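# A structural walkthrough
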Amino acid sequence: MAQFEPMKAELEQARAQLVFIAAEKRDGMFKPAKFLDKHPVGFPFLLDEDRSVTKAYGLYHRLGKDAINIAHPATLVIDSGGTVRYIYRGDNQTDRAPIEKVLEAVRKLPSAA
């Protein structure tokens, strides 16, 4: 999450909105509510407590070597019409989208022109 904070101005200029989603309960194993209190982010943060958003995008990860009942780490760029223009689905819990690829997808959005 922190890697996107310095890009907030560029995202806003492209009229893009970044939203973080965690497939976890507020007081779940990793205590996301406490984490966010201590480490606030400049973007909206959704706790997908029932995993409905995670499942809708095919990112639900029921069981794996490094995951139980959470989401694959993923980055999606979705246009204003709701079409997914870019998706990166991590293979494990430390696999993240290359920042430059995300920014490239954002720059290609119709509203970014």
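Described in the following lines is the structure provided in the data block. (Residues numbered from 1 in each chain as written. Predicted model: local features only at pLDDT ≥ 70, side-chain atom pairs only at ≥ 80, totals over all residues. Heavy atoms only, no water.)

Secondary structure summary: the protein contains four helices and six strands in total. The helix and strand sequence of the protein, counted from the amino end, reads α-β-α-β-α-β-β-β-β-α. For 113 residues, the compact-globule estimate of 2.2 N^0.38 gives 13 Å, and the protein sits close to it at 14 Å. Dimensions of the protein, computed from the C-alpha atoms along their principal axes, are close to 40 × 30 × 25 Å. Among the 113 residues that make up the protein, the fraction classed as buried is 35%. (Helix = DSSP H or I, 4+ residues; strand = E, 2+ residues; numbered from the N terminus. Rg over C-alpha atoms; globule rule 2.2 N^0.38 Å. Buried < 20%, exposed > 50% of the residue type's maximum accessible area, 1.4 Å probe, protein only.)

Two elements, strand E5 (residues 74-78) and strand E6 (residues 84-89), share five bridges in a ladder whose sense is antiparallel. For Val77, the partnering residue across the bridge sits in E6 and is Tyr86. In this structure, the hairpin formed by E5 and E6 is closed by a connection of five residues, where Gly82 is found at a positive phi of approximately 95°. (Pairing = 2+ DSSP bridges.)

To continue, consider the pattern of salt bridges. Following the criterion strictly, the structure yields four salt bridges and no others. Note that Arg107 and Glu10 form a salt bridge whose closest N and O atoms lie 2.7 Å from each other. Of this pair, Arg107 sits in helix H4 (residues 99-107) while Glu10 sits in helix H1 (residues 8-13), and the two are 97 residues apart along the sequence. A relative accessible area of 40% places Arg107 in the partly exposed class. The partner of Asp79 in a salt bridge is Arg85, and the shortest N-O contact between them spans 2.6 Å. Judged by its relative accessible area of 11%, Asp79 falls in the buried class. (Salt bridge = Lys/Arg side-chain N within 4 Å of Asp/Glu carboxyl O.)

Residues Phe4, Leu11 and Val77 are the most contacted members of the largest nonpolar core, which totals 17 residues. For this core, the element with the highest residue contribution is H4, accounting for five residues. (Core = buried A, V, L, I, M, F, W, Y, C linked by side-chain atoms within 4.5 Å.)

Positive phi is not limited to glycine here, since Arg51 has a value of about 65°. The residue Arg51 is located in the loop between strand E2 (45-47) and helix H3 (52-56) in this model.

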